[in-house]
Amino acid sequence: MSLDGGGAAAPLETAARGRMGSRRGRPSLARRLRRDPGAVIMFLVLIVVCLVMLYPFAFMIINSLRTETQYLNGSGFSTSSWSGLFSALPVGSELLNSTLICAGSIAIILIGSSAAGFAFAKLHYRRQNVIFLGIIGSMMIPVQSIIIPEYVNLSNLGLVNNYLAPILVYSALGMPFATFLMTVFFRGLPDELIEAALCDGFGYVGVFWRIAVRMAAPALATVTVLQFIQIWDDLLVALLLLQEPANRTITVGLGVISSGRAVSIPALMAGSLISALPAIIVYLIFQRYLISGLTMGVSR
Amino acid sequence: MAQAEVEAVGVRPALRAGRRRGRRASGIARQRARAGIVLTLPAFAVVVALLIIPIGEAVYYSMTNWNGITAQWVGPRTYLNLFQSPTFWRVLENNGLLLLALPIAVFIPLVIAGMLHEHVWGWKVFRSLIFLPTAVSWVVIGIVAMQVFAANGTVNSLLGALGLKSLEINFLGFEYSALGAVAVTFIWSMVGTNTIIFLTGMSTIDPAIYEAARLDGAGRMAVFRHITLPLLKRYFQFGFVITTISAFTGLFSLIFIMTEGGPGYGTTTLEFFVYQQAFAIGAFGTGATVGIVLLVIIFGVNLLQMRILRGEN
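Within every chain, residues take consecutive numbers counted from 1 along the sequence as written. Chains carry letters and ligands carry numbers; both start at the beginning, A for chains and 1 for ligands, and go up in the order they are written. Note on the predicted model: pLDDT of at least 70 is required for a residue's local features to be given, and 80 or more for side-chain atom pairs to be given and counted; whole-chain, interface and lining totals, by contrast, use all residues.

Visitor: Is there a simple way to explain the overall build of chain B in this structure?
Guide: Each helix corresponds to a stretch of at least 4 residues labelled H or I by DSSP, and each strand to a stretch of at least 2 residues labelled E; elements are numbered beginning at the N terminus. Looking only at helices and strands, one finds 16 helices and 0 strands in chain B. Computed over its C-alpha atoms, the radius of gyration of chain B comes to 27 Å, more than 25% above the 20 Å expected for a compact globule of 313 residues. Dimensions of chain B along its principal axes, counting C-alpha atoms only, are 90 × 75 × 35 Å. Any residue surrounded by 20 or more other C-beta atoms within 10 Å of its C-beta is treated as buried, while 12 or fewer makes it exposed and the intermediate range makes it partly exposed; C-beta atoms here are placed from the backbone. Counting only residues that meet the buried cut, chain B has 41% of its 313 residues in that class. For chain B, the proportion of contacts with a sequence separation of at least 24, taken over those separated by at least 6, is 65%. With the radius of gyration taken over C-alpha atoms, the globule rule is written as 2.2 Å times the number of residues to the power 0.38. Here, residue contact means that the backbone-derived C-beta atoms of the two residues sit within 7 Å.

Visitor: Looking at this structure, how should I read the overall build of chain A?
Guide: Across its full length, chain A holds 16 helices and 0 strands. The buried share of chain A, reckoned over its 300 residues, is 47%. Considering only contacts in chain A between residues 6 or more positions apart, those separated by 24 or more positions represent 78%.

Visitor: Would you explain the environment of Ala103 of chain A in this entry?
Guide: In this fold, Ala103 of chain A is placed in helix α7 (residues 91-122). Sequence-wise, Ala103 of chain A and Ala196 of chain A are 93 residues apart; in three dimensions their C-alpha atoms are separated by 34 Å.

Visitor: Explain the nonpolar core here, please?
Guide: The nonpolar side chains of a soluble globular protein tend to be buried, and buried together. When buried Ala, Val, Leu, Ile, Met, Phe, Trp, Tyr and Cys residues are joined through C-beta atoms within 7 Å, the set is termed a nonpolar core. Core analysis: the biggest nonpolar cluster contains 166 residues, and Val182 and Phe186 of chain B have the highest contact counts within it. Among the elements that take part in this core, helix α10 (residues 164-187) of chain A stands out by supplying 16 residues, more than any other.

Visitor: Even after reading the chapter, I still don't get the domain arrangement of chain B, so can you show me in this structure?
Guide: The accessible area lost on association of the parts is a frequent measure of interface size. All names here are of chain B. Throughout the structure description, domain borders are defined by an automatic or database domain assignment. For chain B, the assigned domains read domain 1 (2-62) and domain 2 (83-312). Here the C-alpha centroids of domain 1 and domain 2 sit 43 Å apart. The class makeup of the residues in the side of domain 1 that touches domain 2 is 3 nonpolar, 1 polar and no charged. Note on residue classes: Ala, Val, Leu, Ile, Met, Phe, Trp, Tyr, Cys and Pro are nonpolar, Asp, Glu, Lys and Arg are charged, and everything else, Gly too, is polar.

Visitor: How should the interface of chain A and chain B be read in this particular structure?
Guide: On the chain B side, the residues contacting the 84 residues of chain A number 79 residues. Ranked by residues supplied to the side of chain A that touches chain B, first place goes to helix α3 (residues 37-64) of chain A with 13 residues. In the side of chain A that touches chain B, the residues fall into 58 nonpolar, 21 polar and 5 charged.

Visitor: What exactly am I supposed to notice about the confidence of the model for chain A here?
Guide: One rule of thumb: low pLDDT means the predicted coordinates there are not for detailed reading. pLDDT measures the predictor's confidence residue by residue and takes values from 0 up to 100. Summarising the model, chain A shows a mean pLDDT of 83, and 86% of its residues fall at 70 or more. Scored below 50 in pLDDT, residues 1-24 of chain A shows 32 contacts in the model against residues more than four places distant or in partner chains.

Visitor: Explanation requested: the packing of helix α12 (residues 204-215) of chain A against helix α3 (residues 27-62) of chain B in the structure shown.
Guide: Between two packed helices, both the angle of their axes relative to each other and the distance between the axes serve to describe the pair. Each axis is a line fitted through C-alpha atoms, taken for helices only over the stretch in contact, and angles between the N-to-C directions span 0 to 180 degrees. Interaxial distance between α12 of chain A and α3 of chain B falls to 8 Å at its minimum, and their mutual angle equals 50 degrees. Here α12 of chain A lies oblique to α3 of chain B, going by the angle between them. Residues Tyr204, Val205 and Phe208 of chain A of α12 of chain A form the contact with α3 of chain B, whose own contacting residues are Gln31, Arg32, Ala35, Val38 and Leu39 of chain B. Residues that form the contact of α12 of chain A with α3 of chain B fall into these classes: 6 nonpolar, 1 polar and 1 charged. An angle below 35 degrees is treated as roughly parallel, one above 145 as roughly antiparallel, one from 65 to 115 as roughly perpendicular, and anything else as oblique.

Visitor: Explain unusual backbone geometry here, please?
Guide: Most peptide bonds take the trans configuration, and most residues that are not glycine carry a negative phi. The phi dihedral of Asn161 of chain A is positive, around 80 degrees, even though this residue is not glycine. Structurally, Asn161 of chain A is set in the loop between α9 (143-156) and α10. Of note in the backbone geometry, Glu260 of chain B takes a positive phi value of approximately 50 degrees without being a glycine.

Visitor: Teacher, can you tell me more about the domain arrangement of chain A here?
Guide: All names here are of chain A. Its domain assignment divides chain A into domain 1 (10-83) and domain 2 (85-299). At the interface, 10 residues of domain 1 touch 9 residues of domain 2. Counting residues per element, the ones that place at least two in the side of domain 1 that touches domain 2 are α3, α4 (68-73) and α5 (80-83). The leading source of residues in the side of domain 1 that touches domain 2 is α3, at 4 residues.

Visitor: Mind showing me how you'd approach the packing of α3 of chain A against helix α7 (residues 123-131) of chain B here?
Guide: Two elements in contact, α3 of chain A and α7 of chain B, have axes whose closest approach is 9 Å; the angle formed by their N-to-C orientations is 30 degrees. What the angle tells us is that α3 of chain A and α7 of chain B run roughly parallel. In this structure, the crossing between α3 of chain A and α7 of chain B has a hand that is left-handed. In this structure, α3 of chain A contributes Leu46, Val49, Cys50, Met53 and Leu54 of chain A to the contact, and α7 of chain B contributes Phe126, Leu129 and Ile130 of chain B. Split by residue class, the contact of α3 of chain A with α7 of chain B holds 8 nonpolar, no polar and no charged. Handedness of a crossing follows from how the near helix is turned relative to the far one, being left-handed for an anticlockwise turn of less than a right angle and right-handed for a clockwise one.

Visitor: Help me understand the confidence of the model for chain B, please; the structure alone is not making it clear to me.
Guide: Mean pLDDT over chain B works out to 85, with 91% of the residues at or above the 70 mark. Ignoring residues within four places in sequence, the model shows residues 1-23 of chain B, a span with pLDDT below 50, making 26 contacts including any to other chains.

Visitor: Help me out: how do you make sense of helix α10 (residues 175-203) of chain B in this one?
Guide: One full turn of an α-helix is made of 3.6 residues, so residues set three or four places apart face in the same direction. All names here are of chain B. By this rule, a helix spans an expected 1.5 Å times one less than how many residues it contains. Spanning 29 residues, α10 covers 42 Å between terminal C-alpha atoms, matching the ideal 42 Å at 1.5 Å per step. Axes are fitted to the seven residues ending at a residue and to the seven starting at it; the angle between these axes is taken as the bend at that residue. Considering bend angle alone, the principal kink of α10 is centred on Val191 and spans about 40 degrees. The element α10 is extensively covered by neighbouring structure, given that 23 of its 29 residues are classed as buried.

Visitor: What exactly am I supposed to notice about the environment of Asp206 of chain B here?
Guide: All names here are of chain B. Following the sequence through the fold, Asp206 ends up in the loop between α10 and α11 (207-215). By C-beta crowding, Asp206 is classed as exposed, having 10 other C-beta atoms within 10 Å. The spatial distance from the C-alpha of Asp206 to the C-alpha of Ile55 is 44 Å, given a sequence separation of 151 residues.

Visitor: How should helix α15 (residues 270-281) of chain B be read in this particular structure?
Guide: Residues and elements named next belong to chain B. Of all 12 residues in α15, 9 are buried, a share of seventy percent or more. Taken together, the buried positions of α15 are occupied by Leu270, Glu271, Phe272, Phe273, Val274, Tyr275, Gln276, Gln277 and Ala278. Backbone geometry just downstream of α15 places Gly282 in the positive-phi region, at approximately 90 degrees.

The structure is reproduced here in structure tokens:
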């Protein structure tokens, strides 16, 4: 599988296109099913699988449209939990906090990983391999192993309850894999391109900034989507580093409220849907990049 | 390149001397090395300051009896103490039991990917829908799962509808059934990721091989077992490792929401034990010790995978 270049999803799609292409003048569904009963069974099984996978979404939507008593009775509909949502839960400010933290961390990750990825792929220096292995190897470090020193260090710096604290920790957690991904991408850029740019009078840093980064859009998109979903969905780091209710991210806000068990289930469902929505939208738009990023790990 | 090299060498006569001594460090190479170091620096600084140094600190804390107020150096004996604590083994047992879910969490997506790879009608839509939950937070999943496994939840109503009323229990109320509920939710959550990994692997297999097998009269099951599965080995391993690592380090949110580690220590895994010890009880020393044990386990899993991969090549 060719994983150099940004399109790890490419083999998947070319394979798919090849198949579809070979199927000239697609026969009608009914006729194809009659010809191939195995396909009918698989089709039905896949429908059941999808129902199981989508059940939680249906559950959230239906029960967010109920009042507390309607939820317990299991019948009836009402929009009260949606109209009262913003007063019941501080969803608005929490969405803003999540957005700020995601934006800050992703900015740091994009800058750090693209620069280092370019250096590892194209700019050779002594001990480069050791440093590369060190950075990539830290991918293995579980956040739980370092969260205590992280908390102590950041609180000594007076950063607990400051957005900077989770931003820094998320940047560090995301950096190794992002750097790996960018290195793989930049290895696919032809050396001639860089040499030509050098002849045009760019320095190496200039080549990186003016040329390489501009060609790396697909890889940068993959990093952004992967990190967005990971950071938006995280609980532990933001829970410990932002302890004032006003600072909470949407995911932490939901987690804390649900473990308090004092909130009404319909409101909780509406809040859950709101919190899941941005990540779902990003997924639906950038699905291709997310898949290519996830499967990139196989080439290790 | 040549032009730039001439310029660079011209500006820096000192380098020419270096070259004459037989070292091939031309000006351009030095310039390149310097740019490389400058560009590596931001990522390097972030990783060292926020990942590697904290590991060192965690190792230090792990050998103290720091309880949030006072800290005394104890030494490696803290690990011995941990290994002699029954609670630690109870927690480790939960991790072990969760590993029993691994084969299921890999097998189900394998079958789903196999069916999608047959490109049945609408497979692209199925693929998108099956992968969709991957975008959703474990917190949200946990919130729903808590209702699904509640005393009046979906699972119990299903059991009632099937006439198995005697099996209806409050799943999150007992140690092993609560762990089972967490395991089922975990398996469900891994379906999307593993399906996509296997599907990508299958798409790398040359269609010509399938054509040849079909011409030889091999049926769908035979093709899957004798062609797809063996060629999928690498992706299979990757899926297994991802799932193992998730079982050890990805379940914090789920446990925090669904059970808070309980009842008792019924659903406390190593990763949750770190949080509980350090941030709920204040036993930062013990928390750090458990964290290092977790780190060693994760390194072990990765080393094992690398060794298997190397053994094959």
